[in-house]
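Single-letter residue listing:
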Amino acid sequence: MKHCYYCNEALGEPYVTQFNSLSLNCCDVECSKKIIAFLSRVKRAKVCFSVLSTIAGALMLAPLVFIVRMDMGSGIILLVLGIFLMGLNSCAFPFATGQSIEALGIRGSQRIVRTIGVIFLLVSTPILVFTLI
Ligand SMILES: [Zn+2]
């Protein structure tokens, strides 16, 4: 059974949309427009997203690597800062991976990435506020 690349609805007769060299199945012109908007946004923001993810990842890993040289307090702040940045990144650029898009469609996987981003922000913001004040 074919599914819409955007909303993941099961398709009888798919409407095929083109993006670069990709042929993607979707419901209709509406879903097709959203797919193209999403893919062009991913294309434009890819570099920004990768840079932010790398910084966030490095911040989260730094305390583990340098734990011997760092006191607990600064280690935790770096870790939480990394989580905060990751949350911000996931909310601003909810780019899911190809696999989750295959399974859930763009809309479904975007929702999950955004939800995780919001959880990251909700967890990290109070800790940052309390430790930095
Ligand atoms: Zn659709």
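Above: the structure in question.
Report follows, based on the coordinates.

**Structural notes on helix 2 (residues 72-92)**
Then step 1. The terminal C-alpha atoms of helix 2 lie 30 Å apart, and with 21 residues this matches the ideal 30 Å at 1.5 Å per residue to within 8%.
Then step 2. Regarding helix 2, the residues found buried are Val-80, Leu-81, Gly-82, Ile-83, Leu-85, Met-86, Gly-87, Asn-89 and Ser-90.
Then step 3. As for helix 2, its buried residues are in contact with helix 1 (29-65) and helix 3 (98-132).

**Concerning the packing of helix 1 against helix 2**
Then step 1. Between helix 1 and helix 2, the least distance of the axes is 7 Å, while the angle of their chain directions is 155°. By the criterion of interaxial angle, the relationship of helix 1 to helix 2 is roughly antiparallel. Judged by the sense of rotation from one axis to the other, the crossing of helix 1 with helix 2 is left-handed. On helix 2, the residues that touch Phe-49, Leu-52, Ser-53, Ile-55, Ala-56, Gly-57, Leu-59, Met-60, Ala-62 and Pro-63 of helix 1 are Gly-75, Leu-78, Leu-79, Leu-81, Gly-82, Ile-83, Leu-85, Met-86 and Asn-89.
Then step 2. Looking at the contact of helix 1 with helix 2 residue by residue, the classes come out as 14 nonpolar, 5 polar and no charged.

**Structural notes on unusual backbone geometry**
Then step 1. Backbone geometry at Asn-8 places phi at a positive 70°, although glycine is not the residue there.
Then step 2. Position of Asn-8 relative to the elements: it lies in the loop between strand 1 (2-3) and strand 2 (10-11).
Then step 3. The backbone phi angle of Asn-20 is positive, close to 50°, even though this residue is not glycine.
Then step 4. Residue position: Asn-20 is located in the loop between strand 3 (15-19) and strand 4 (22-26).

Rules used in this analysis
Residues numbered from 1 in each chain as written. Predicted model: local features only at pLDDT ≥ 70, side-chain atom pairs only at ≥ 80, totals over all residues. Helix = DSSP H or I, 4+ residues; strand = E, 2+ residues; numbered from the N terminus. Expected span 1.5 Å × (residues − 1). Buried ≥ 20, exposed ≤ 12 C-beta atoms within 10 Å, placed from the backbone. Contact = placed C-beta atoms within 7 Å. Axes fitted to C-alpha atoms, helices over the stretch in contact; angles between N-to-C directions. Parallel < 35°, antiparallel > 145°, perpendicular 65-115°, else oblique. Left-handed = near helix turned anticlockwise from the far one by under 90°. Nonpolar A, V, L, I, M, F, W, Y, C, P; charged D, E, K, R; others polar.

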